[in-house]
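Residues per chain are reported as follows:
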Amino acid sequence: MKISGVEIRPGNIIEYEKGIWKVAKTQHTQPGKGGAFMQVEMKNLIDGRKNNVRFRSADTVEKVRLDTKDFQFLYAEGEDLVFMDVETYEQINLSKDIIGDAAAFLQDGMTAVLEMYDDRPISVQLPEQVEATIVEADAVVKGQTASSSYKPAILDNGVRILVPPHIASGTRIIVNVYERTYVGKAD
């Protein structure tokens, strides 16, 4: 679907110079002289490059629709992660780079959503929150109860987060995957 250069919005996926780009920021500018334009900051979904492009209202770009599919995480193999399509049971190997820092929260059997373009995986979305066990938590410092103080703790996957003082080692908690923050105690 073709859209005008000034109709581009953050979050849109567009095709530009034979690449697939995700729009991060847009700024509409109307100079005193000349036509209006849209300054667009975007990131290439294939290789991760960033680009700033100026689109005039007469320019058109192709808006891309990505297909989403549910996959189940099976195991890590070196720098690759192995996922299985839950419908066809077909396995696919992806680089850890495609997930980024959130890869530390992958658990066996976890369901993830893969965004595909031309049957090629572009990105992986993990669940927003996961359960984890605290393996090491610092002792509470007496007298720090007046303000909302948090203490550092290490999860079973090696990630360091801040938790409330009443949380001890061995406790199962819920963690926000993308912000790496404590959400609450698990049941």
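Residues numbered from 1 in each chain as written. Predicted model: local features only at pLDDT ≥ 70, side-chain atom pairs only at ≥ 80, totals over all residues. Heavy atoms only, no water.

## Some thoughts on the sheet that holds strand β5 (residues 50-56)
Next, step 1: Taking strand neighbours across the sheet as the criterion, the six strands line up as β1-β6-β2-β3-β4-β5 in an open arrangement whose pairing is antiparallel. For this open sheet the edge positions go to β1 (2-4) and β5, each flanked by a neighbour on one side alone. Recorded for the sheet is a direction-independent mean angle of 45° between the axes of neighbouring strands.
Next, step 2: Note: strand β2 (residues 13-16) against strand β3 (residues 19-29), four bridges, orientation antiparallel. Residue pairing across strands places Y16 opposite G19, the latter belonging to β3. (Pairing = 2+ DSSP bridges. Helix = DSSP H or I, 4+ residues; strand = E, 2+ residues; numbered from the N terminus. Axes fitted to C-alpha atoms, helices over the stretch in contact; angles between N-to-C directions.)

## Here we look at unusual backbone geometry
Next, step 1: The residue K18 is not glycine, and still its phi comes out positive at about 60°.
Next, step 2: Residue placement: K18 occurs in the loop between β2 and β3.
Next, step 3: Even without being a glycine, D118 presents a positive backbone phi close to 55°.
Next, step 4: Its place among the elements puts D118 in the loop between β10 (111-117) and β11 (120-125).
Next, step 5: Given a relative accessible area of 63%, D118 falls into the exposed group. (Buried < 20%, exposed > 50% of the residue type's maximum accessible area, 1.4 Å probe, protein only.)

## Some words on the layout of surface pockets
Next, step 1: In this model, the largest pocket occupies a volume close to 410 Å³.
Next, step 2: Contributing to the lining of the largest pocket are 16 residues, with K22, K43, L45, I98 and S123 lying nearest its centre.
Next, step 3: Where the lining of the largest pocket is concerned, the elements lending two or more residues are β3, β4 (37-44) and β11.
Next, step 4: At four residues, the largest contribution of residues to the lining of the largest pocket is made by β11.
Next, step 5: Across the lining of the largest pocket, the residue classes tally to seven nonpolar, four polar and five charged. (1 Å grid on protein atoms, 1.4 Å probe; cavity = no way out; pocket = protein on both sides within 12 Å on 5 of 7 lines; lining within 4 Å. Points joined across faces, edges and corners; volume = space filled by probe spheres on them. Nonpolar A, V, L, I, M, F, W, Y, C, P; charged D, E, K, R; others polar.)

## Examining the UniProt feature "domain: Translation elongation factor P/YeiP central" (unreviewed entry) in the chain
Next, step 1: UniProt feature "domain: Translation elongation factor P/YeiP central" (unreviewed entry): in the numbering of this structure it lies at residues 68-122.
Next, step 2: The span residues 68-122 shows a helical share of 0% and a strand share of 56%, and its end C-alpha atoms are spaced 10 Å apart. (UniProt positions renumbered as here; feature names shortened; annotations may be inferred.)

## Some details on the side chain of S4
Next, step 1: Topologically, S4 is positioned in strand β1.
Next, step 2: From its side chain, S4 meets the backbone oxygen of S57 in a polar contact 3.1 Å long.
Next, step 3: Discounting residues that sit within four places of it in the chain, S4 has contacts with S57 and D59. (Polar contact = N/O pair within 3.5 Å; in protein donor to acceptor, adjacent residues only side chain to side chain. Contact = heavy atoms within 4.5 Å.)

## Quick word on the packing of aromatic side chains
Next, step 1: Going through the model one piece at a time under the given rule, you end up with three aromatic pairs.
Next, step 2: Pairing Y16 with W21 gives two aromatic rings, centres 6.5 Å apart and planes at 75°, and the pair type is edge-to-face.
Next, step 3: Aromatic ring contacts, followed pair by pair, group Y16, W21 and F55 into a single cluster. (Phe/Tyr/Trp six-rings, centres within 6.5 Å; stacked < 30°, edge-to-face > 60°.)

## What about the nonpolar core?
Next, step 1: Counting 30 residues, the largest nonpolar core has F83, I99, L126, L155 and I173 as its most contacted members.
Next, step 2: Not counting chain neighbours up to four residues away, the residues in contact with I99 comprise L81, F83, L106, V124 and L126.
Next, step 3: I8, W21, M42 and V61 belong to the second-largest nonpolar core, a separate cluster that totals 13 residues. (Core = buried A, V, L, I, M, F, W, Y, C linked by side-chain atoms within 4.5 Å.)

## Here's the deal with the pattern of salt bridges
Next, step 1: The final tally for this structure, using the stated rule, is five salt bridges.
Next, step 2: For the salt bridge of R172 with E131, the shortest nitrogen-to-oxygen distance reads 3.0 Å. Highlighted residues: R172 in strand β15 (residues 172-176) and E131 in strand β12 (residues 129-137), separated in sequence by 41 residues.
Next, step 3: The exposure class of E131 is partly exposed, given its relative accessible area of 35%. (Salt bridge = Lys/Arg side-chain N within 4 Å of Asp/Glu carboxyl O.)

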